[in-house]
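# Tertiary structure, described
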Amino acid sequence: MMESSQKKTEVTETLPDDLVNHIMSVYLPIRSVLRNRSASKKFKDLEIWSRDLDFSGIYSVRCIQRKAVRIIESVFNEHKGSEINRFVLLLNHIGVEDKILSWINTCLGKNIQELVLDFSKSRKVANIPVDFSAIEALTVLKLGWCRFKIPDNFLKGLKLLKTLSLTKTGDMNTDMIDAIFSNCIHLETFELINFQMFGTLSINAVNHKKFKSLVVYTMPYLLQIIVDAPTLECFKYDGYCKRVYFSRVHALKEANLHYNRSLYWRYYDPSERVLANMGAYIRVRVLATNNIFLELTRISDFFKAPTICNLFDIAQFLEQCPNLKKVLIDINDFTFEPGVYWEVHQKQHIRLHNYRLNSIKFVEIMGYKNHWHELDIMDFFVRYAKSLEKLTLTKPRNPKIKLFEPDNAKINYIKSMSQKKDLIEFI
């Protein structure tokens with residue numbers, strides 16, 4: 001809308017109809033095109049030239065599988081454009097494999113650049129007869145529950161690929177990974193999710209100048225991860241504690257580590273692995289982790305076993321990370337129980353020790369429940385993070401979680417410690 005002193009005028013009323021039709025049919029995402037065709041008589045017969053065929057939200061409770069397939073099929077039948085830049089499909093593939101193959105082949109014939117296929121709704125890996133590794137023009141390839149193979153471990157295509165995300169795409173081995181990094185020299189993001197790969201995951205990106213992000217989720221049978229990537233900026237890991245060897249990580253700025261508890265912890269001490277990995281994370285600016293990580297970084301002198309996480313663990317760890325700018329503490333599924341040792345020894349240590357957290361500017365506590373120890377954490381950051389610009393407290397994502405009675409006197413006291421009136425934000 002364009003404002004004037006007398007009236008409001010729609011942009012589409014000031015442009016020629018043929019130009020409006022061209023803009024809407026070519027440059028708008030397909031869902032916007034379909035919405036305009038169904039909501040406006042003027043655009044009822046609008047031709048489909050859209051280059052962005054994103055059907056990610058079309059299959060839902062309100063739109064059953066049969067209707068979703070019918071809509072997608074009609075779009076491809078009516079598509080008049082010579083190019084399709086992006087195709088995103090989240091669907092149950094069972095029973096419609098032939099149609100999916102036809103849609104993919106149409107995209108391949110129109111120089112597809114971004115291809116996203118997610119068949120996780122079927123809970124069965126789809127075997128689509130397409131050699132994805134031979135597609136030349138792709139810059140983004142994301143496959144979920146869709147088989148991905150590299151014949152003879154030799155890539156014929158994907159030379160322009162920048163993002164590769166593979167989720168439960170069948171077998172994965174070191175030869176396939178080596179082939180990917182040898183061929184995809186422009187790769188920036190690599191994601192491996194939900195694979196039963198055994199032994200060592202080795203990432204050799206020493207000759208890559210743009211490789212920035214590595215994601216490894218749910219690969220329980222790995223023994224270790226070896227990364228040689230001088231340009232790596234972001235590392236995300238979700239799973240059991242594994243030994244991670246970083247050859248060169250001078251550019252690493254962000255680490256997201258979510259450790260899961262293993263039944264085998266009774267047979268070995270995972271804290272040694274966590275501590276051995278710590279050298280690579282000292283200079284990161286953003287570290288997102290969970291309470292298990294903090295428990296494992298502190299080894300009890302008496303039992304040498306994981307302890308209950310509290311402010312002392314958080315403070316001791318933050319003191320070793322001088323470049324952190326943002327701290328996120330997710331306690332949605334966790335309630336602090338500091339225990340007697342906190343009251344007798346650690347609390348006094350926190351009060352007497354002069355922590356230097358001058359680089360921290362933003363702190364967010366997700367899952368804030370008005371617990372008294374959460375107020376201790378608030379007090380700690382306001383007191384020692386001299387450059388703190390915002391402290392955000394977010395309510396638990398589960399509305400059924402019981403909240404404690406707020407200690408308004410303590411909250412007001414913490415607020416009075418800072419000259420910034422809007423430092424603490426409740427969401």
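The sections below set out a description of the structure shown in this document. In this convention, every chain numbers its residues from 1, walking through the sequence in written order. It should be noted that, the model being predicted, local features are given only for residues of pLDDT at least 70 and side-chain atom pairs only at 80 or more, the latter also being counted only at that level, while totals for whole chains, interfaces and linings use all residues. Only hydrogens and water are set aside when side-chain values are computed; all heavy atoms of the structure are taken into account.

## Re the packing of aromatic side chains
Pairing of aromatic rings covers Phe, Tyr and Trp, the last counted by its six-membered ring, and requires centre-to-centre distances within 6.5 Å; plane angles under 30 degrees mean stacked, over 60 mean edge-to-face, and any other angle means tilted. Going through the model one piece at a time under the given rule, you end up with 14 aromatic pairs. Members of the aromatic cluster, connected to one another through ring pairs, are F55, F76, F87 and W103. Here the basic side chain of K168 rests over the ring of W145, its NZ or CZ set 5.3 Å away from the ring centre. For a Lys NZ or an Arg CZ to count as sitting over a ring, it must be within 6 Å of the ring centre and within 35 degrees of the ring normal.

## What about the pattern of salt bridges?
Salt bridges are counted wherever a side-chain nitrogen of Lys or Arg sits within 4 Å of a carboxyl oxygen of Asp or Glu. Scanning the entire structure with this criterion turns up 7 salt bridges. Where D330 meets R397, a salt bridge forms, and the shortest distance between an N and an O atom there is 3.9 Å. Of this pair, D330 sits in strand β16 (residues 326-330) while R397 sits in the loop between β18 (390-394) and α12 (408-416), and the two are 67 residues apart along the sequence. Residue exposure (1.4 Å probe, protein chains only): buried if accessible area is under 20% of the type maximum, exposed if over 50%, otherwise partly exposed. For R397, a relative accessible area of 57% translates into the label exposed. With its nearest N and O atoms 3.0 Å apart, the salt bridge here joins D379 to R383. Of this pair, D379 and R383 both sit in helix α11 (residues 372-384), separated by 4 residues, roughly a single helical turn. Secondary structure elements follow DSSP: runs of H or I no shorter than four residues count as helices, runs of E no shorter than two count as strands, and numbering proceeds from the N terminus.

## Some words on α11
Multiply 1.5 Å by the residue count of a helix minus one, and that product is the helix's expected span. When the terminal C-alpha atoms of α11 are compared, their 19 Å separation across 13 residues agrees well with the 18 Å that a helix rising 1.5 Å per residue should span. Burial within α11 is extensive, with 11 of its 13 residues counted as buried. Of the positions making up α11, those classed as buried are H373, E374, L375, D376, I377, M378, D379, F380, F381, V382 and Y384.

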